[in-house]
Amino acid sequence: MQPRNSRLNSSALRGAVDLAAVKAAGEAAQKAEQARAERARQAAAAESAGAAPAQFAYQLVIDVTEDDFETEVVQRSTEVPVVIDFWAEWCGPCKQLSPVLEGLAEEYAGRFVLAKIDVDANPLLSQQFGIQGIPAVMAVVAGQLVPLFQGAESAANVRKILDQLILVAEQRFGVSGGAGAPGEAAPAAPQRPEDPALSAAHDALDAGDLGGAIQAYRNVLADEPGNTEAKLGLAQAELLKRIEGLDLQAVRAAAAADPKDVEAQLKAADLDLVGGHVEDAFGRLVTTVGRTAGEDRDTARLRLLELFEVIGPEDPRVVAARTALARVLF
């Protein structure tokens, strides 16, 4: 599992899911707000001095290499969501998808930046992201990796995925990019006071005190039932508590030996998620819901909903799994 305060950089890019993303998201949102406040301060200072204020401008489509990845993608992602298009000259589907992505980058006018990475020219980045086939599209928001999709997609489908990404970036990370014309600065967001009870829960999770973290998150939710950070934190802490002491090989063997063993499938799904195999975890439980009935079906369904909370309801993988769940239920 990645450390709770992990950030993407040019030497460490693996991980489809950061199980400690609650605190990281809060920190990222705070940094994004600070960056916007600093831009606003500089603009006000320039205006008072009689100079034209500098705008936050960026290219909407950029070619990125291993040498400038840290600056062009990771650092830029604190200001605007960065969508990464992994492509190659010989890839036919890439030639279909790339114009779609480039056109949408212009259409969205600064709500995201498109970074194009040639996998042949940048094999290290391809390896670090775990790219197994192209085209592959991922995003980085406030230094956090968000897998999007693989293979060619229609403009309509890509637009839906981008809308979900932008919503996640704004609501969870406080990163909104530019709205309207390219180069237009985003408005500064107000600083949010830190909740001491929530901070205590995060600290308990940081320290590995899972029981204490679970209770602390529950205390927050008792006072604020709609607190999104506390819900996510509780789901993560409960997941980590469930997998304590599990033998990976034994769990996988039991799940493979008896697909109808609901308890074995639940444990395997938990381990899948912790290992970063998000789609595998969701697919396993959707299949279990489809092949069971009564109490077993409800148990599998509820566990799947719990894992949705771990990843976050706006994540495209959660949206896809909810659709799959609806199909087997109805």
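About the thresholds
Residues numbered from 1 in each chain as written. Predicted model: local features only at pLDDT ≥ 70, side-chain atom pairs only at ≥ 80, totals over all residues. Heavy atoms only, no water. Helix = DSSP H or I, 4+ residues; strand = E, 2+ residues; numbered from the N terminus. Buried < 20%, exposed > 50% of the residue type's maximum accessible area, 1.4 Å probe, protein only. Contact = heavy atoms within 4.5 Å. Areas by Shrake-Rupley, 256 points an atom, 1.4 Å probe, with all protein chains shown as cover. Disulfide = S-S within 2.5 Å. Phe/Tyr/Trp six-rings, centres within 6.5 Å; stacked < 30°, edge-to-face > 60°. Pairing = 2+ DSSP bridges. Axes fitted to C-alpha atoms, helices over the stretch in contact; angles between N-to-C directions. Right-handed = clockwise from strand over helix to strand, strands pointing away. Polar contact = N/O pair within 3.5 Å; in protein donor to acceptor, adjacent residues only side chain to side chain.

Caption draft 1: Fine view of the overall build of the chain. A tally of regular secondary structure across the chain gives 13 helices and five strands. For the chain, the residues scored as buried account for 48% of the 330 residues in total. In the chain, 69% of the contacts between residues at least 6 apart in sequence involve partners at least 24 apart. On the chain, roughly 15,300 Å² of surface is accessible, and the fraction owed to carbon and sulfur atoms is 52%.

Caption draft 2: A look at unusual backbone geometry. That bond from Ile 134 to Pro 135 is cis: its omega, 0 degrees, falls within 30 degrees of zero. Considering the arrangement of structural elements, one finds Pro 135 in the loop between α4 (123–128) and β4 (136–141). If you check the backbone angles, Ala 109 has positive phi at about 50 degrees while not being a glycine. Since its relative accessible area comes to 14%, Ala 109 is described here as buried. Not every positive phi belongs to a glycine, and Ala 142 is a case in point at roughly 50 degrees. Its relative accessible area of 5% is what places Ala 142 among the buried residues.

Caption draft 3: Examining the state of the cysteines more closely. Summed over the entire model, instances satisfying the criterion amount to one disulfide. The disulfide bridge from Cys 91 ends at Cys 94, spanning 2.4 Å between sulfur atoms. Judged by the torsion about the S-S bond (80 degrees), the Cys 91/Cys 94 disulfide is right-handed. Like Cys 94, Cys 91 is buried.

Caption draft 4: Here's a closer look at the packing of aromatic side chains. All told, the structure shown has four aromatic pairs when counted by the stated rule. Ring centres of Phe 282 and Phe 308 lie 5.0 Å apart, and the angle between their planes is 85 degrees; this geometry places the pair in the edge-to-face category. On the criterion of sequence distance, the pair formed by Phe 282 in helix α11 (residues 278–291) and Phe 308 in helix α12 (residues 294–311) is long-range, its members being 26 residues apart. Phe 308 carries the same exposure label as Phe 282, and that label is buried.

Caption draft 5: Region of interest: the sheet that holds strand β5 (residues 144–150). The sheet built from five strands is open, its strands ordered β1-β3-β2-β4-β5 with mixed pairing. The outermost strands of the open sheet, each flanked by one partner alone, are β1 (61–63) and β5. Strand-to-strand twist in this sheet, taken as the mean axis angle between neighbours without regard to direction, amounts to 25 degrees. As paired elements, β4 and β5 share six bridges and run antiparallel to each other. Bridge pairing links Val 141 to Gln 144 in β5. Across the face of the sheet, helix α5 (residues 155–173) comes into contact with β2 (82–87), β4 and β5 while running at roughly 170 degrees to β5.

Caption draft 6: Representation of the pairing of strand β3 (residues 113–118) in the model. With five of six residues buried, β3 is to be regarded as a mostly interior element. Two strands pair when backbone bridges link them, and β2 and β3 are joined in this way by six bridges, in the parallel orientation. Bridging from a neighbouring strand, Ile 84 pairs with Ala 115 of β3. Considered for its hand, the β-α-β crossover made up of β2, helix α3 (residues 92–108) and β3 is right-handed.

Caption draft 7: Highlighting the environment of Leu 114. When you line up the elements, Leu 114 lands in strand β3. Exposure remark for Leu 114: the relative accessible area of 0% places this residue in the buried category. Residues Leu 114 and Ile 84, spaced 30 residues apart in sequence, show a C-alpha to C-alpha distance of 5.9 Å. Excluding its chain neighbours within four sequence positions, the residues that come into contact with Leu 114 are Leu 60, Val 61, Ile 62, Val 83, Asp 85, Leu 101, Glu 102 and Ala 105.

Caption draft 8: How the structure looks around the side chain of Lys 116. Following the sequence through the fold, Lys 116 ends up in strand β3. Sequence-distant contacts of Lys 116, that is, excluding residues within four places in its chain, are made with Val 61, Ile 62, Asp 63, Val 64, Asp 85, Trp 87, Ser 98 and Glu 102.

Caption draft 9: How the structure looks around the environment of Gln 150. When you line up the elements, Gln 150 lands in strand β5. Accessibility expressed as a relative area gives 52% for Gln 150, which makes it exposed. Each residue touching Gln 150, except ones within four places of it in the same chain, is listed here: Gln 132, Gly 133, Ile 134, Pro 135 and Ala 136. Within polar-contact distance, the side chain of Gln 150 engages the backbone oxygen of Gly 133 at 3.5 Å.

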